[in-house]
Amino acid sequence: MSLIQSPPAPLAAAVAVSREALAGVRDMQPLYLSTGEKERLLTELAGLEAQVVELRLRTLAVAGDVAESHGSRDVAGWFAKAVHADPAKVRAEERLASAVADRFTATAAALAKGGVNLEQVRVITACVDDLPDRVGVAVKQQAEADLIRLAADFGPAELRRLGRAILHVSAPEIADAEDARRLAEQERHAEEKASVRFRPVGDGTTKIHLRVADAVAGRFETYLDGWTNPRHPNQRDQHDVGNDGAGSNPDVVRLPRHRQLAEAFRRLLEHLDPSKLPDQGGDATSVVVTIGIKQLLSGMGAATTTNPLSPTGTTDISAAEARRLACTGGVIPAVLGGESEVLDLGRKQRLFSTAIRRALRLRDPVCRGEGCTIPARWCEAHHLQPWALGGVTSLGNGILLCGFHHHRIHDQVYDHDTLPDGDIRFHRRA
């Protein structure tokens, strides 16, 4: 004989009547209802669903004996198996049922009347639970009542945002002080949890895992956004692939957002001012790219760059990439001769000064790649005669190129010509 007792007759009867009534209209099509009737039906169904959910939560909260009779760890485990539901979701509902039964009687009453739905209940209970105990029971009860009232006009997402500032409604006299305490606690927590981890994958890439305060993450994304060029209508830029720099390409594919941000991260690092960074071992923080004179002149072969993550302290890069990096800040090119003797280790005036960059922007209002309209403020200064090959840093030897065309001009797959108007035309090498 089963040890489960039958539920009280009125509850069982209410459920039976509801199911029987719904079964009786199973074949009736709402298609033929008027607009007003459909509106009323949908809103009434939402209220009925809330009432059913409330009864289920109320029953789950006191159904520990059901689990015991079946030898289950908890009633959620038995119920999930009995009705073929997701155990994780049922357990979350069981926890919510216990909280509502113990501490949120006003919310339970609103749910029973169909005044709030299940998702709103989750938000209300979470927001009230987030309030510190020091505010007192009376303030928490007032916050619950205010959130129930707001639930009549706002969905779960909006209610959650309002819930974060509910003290300004329920207890304005202590809201500012509590905000200050809460933010201070959050900032301390962020400091304790902040971390940066590097894990070389072994395929030429490294995974970087960041966990930082929300404000730091927001500032980081803002900086990256500054390096992602705006999309100009009918214009290709470094977000596109398949661009040959000579006319429109209907097959262009735009890079996804995460690729754009990765490119922006690279550009941000390349434009850091090493003079503003802390010294290391008595010297300025810097990255050194080492390349042989033959590789430098031909643009073929390999170079190395300093990398503290590598067991050898260096990472191989292409000679073409080394030549491109010579145009950017924070990188010192070390040119080696035949016996690995250092022929050149940087020059004093390698980077374009602020004055020269301003002059370049006046002369070149947009990228000088043929047909490109990326504005000068998004472009990078490039030496027409490479600095690494003896080119001087001057207005006459400078040109502005967007990130895409700056990569392209150092790409060994492409050659380029300077047009009479000073624009650069690219074409694949034969």
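These remarks concern the structure in this document.

Scoring rules and cut-offs
- Residues numbered from 1 in each chain as written.
- Predicted model: local features only at pLDDT ≥ 70, side-chain atom pairs only at ≥ 80, totals over all residues.
- Heavy atoms only, no water.
- Helix = DSSP H or I, 4+ residues; strand = E, 2+ residues; numbered from the N terminus.
- Buried < 20%, exposed > 50% of the residue type's maximum accessible area, 1.4 Å probe, protein only.
- Contact = heavy atoms within 4.5 Å.
- Areas by Shrake-Rupley, 256 points an atom, 1.4 Å probe, with all protein chains shown as cover.
- Disulfide = S-S within 2.5 Å.
- Axes fitted to C-alpha atoms, helices over the stretch in contact; angles between N-to-C directions.
- Parallel < 35°, antiparallel > 145°, perpendicular 65-115°, else oblique.
- Nonpolar A, V, L, I, M, F, W, Y, C, P; charged D, E, K, R; others polar.
- Patch = residues over 30% accessible without salt bridge, like charges linked within 9 Å, V, L, I, M, F, W, Y side chains within 5 Å.
- Salt bridge = Lys/Arg side-chain N within 4 Å of Asp/Glu carboxyl O.

Before going further, it helps to spend a moment on the overall build of the chain. Assigned secondary structure in the chain consists of 17 helices and 15 strands. Scored against the burial criterion, the 430 residues of the chain give a buried share of 33%. A separation threshold of at least 6 residues defines the contact pool for the chain, and within that pool the share at least 24 residues apart is 51%. For the chain, the exposed area adds up to about 26400 Å²; of that, 57% sits on carbon and sulfur atoms.

Below, the discussion takes up the state of the cysteines. According to the stated counting rule, one finds zero disulfides in the structure shown. Left unpaired, Cys372 is separated from the closest cysteine sulfur, that of Cys367, by 3.8 Å. Relative accessible area serves as the criterion here: at 4%, Cys372 is assigned to the buried category. No disulfide involves Cys379; its sulfur sits 4.9 Å from that of Cys367, the nearest cysteine.

This paragraph deals with the packing of helix α2 (residues 35-60) against helix α5 (residues 87-103). Between α2 and α5, the shortest axis-to-axis distance is 8 Å and the interhelical angle comes to 85°. Accordingly, the angle class assigned to the pair α2 and α5 is roughly perpendicular. Facing α2, whose interface residues are Arg56, Leu57 and Leu60, α5 presents Glu93, Glu94, Leu96 and Ala97. A class-by-class count of the residues in the contact of α2 with α5 yields four nonpolar, no polar and three charged.

Okay, a nonpolar patch on the surface next. Residues Leu22, Val25, Met28, Leu41, Leu42, Leu45, Leu48 and Val52 make up a contiguous nonpolar surface patch of about 710 Å² in total accessible area. The element best represented in the nonpolar patch is α2, accounting for five residues. By secondary structure assignment, the location of Leu48 is in helix α2. Its relative accessible area of 32% is what places Leu48 among the partly exposed residues.

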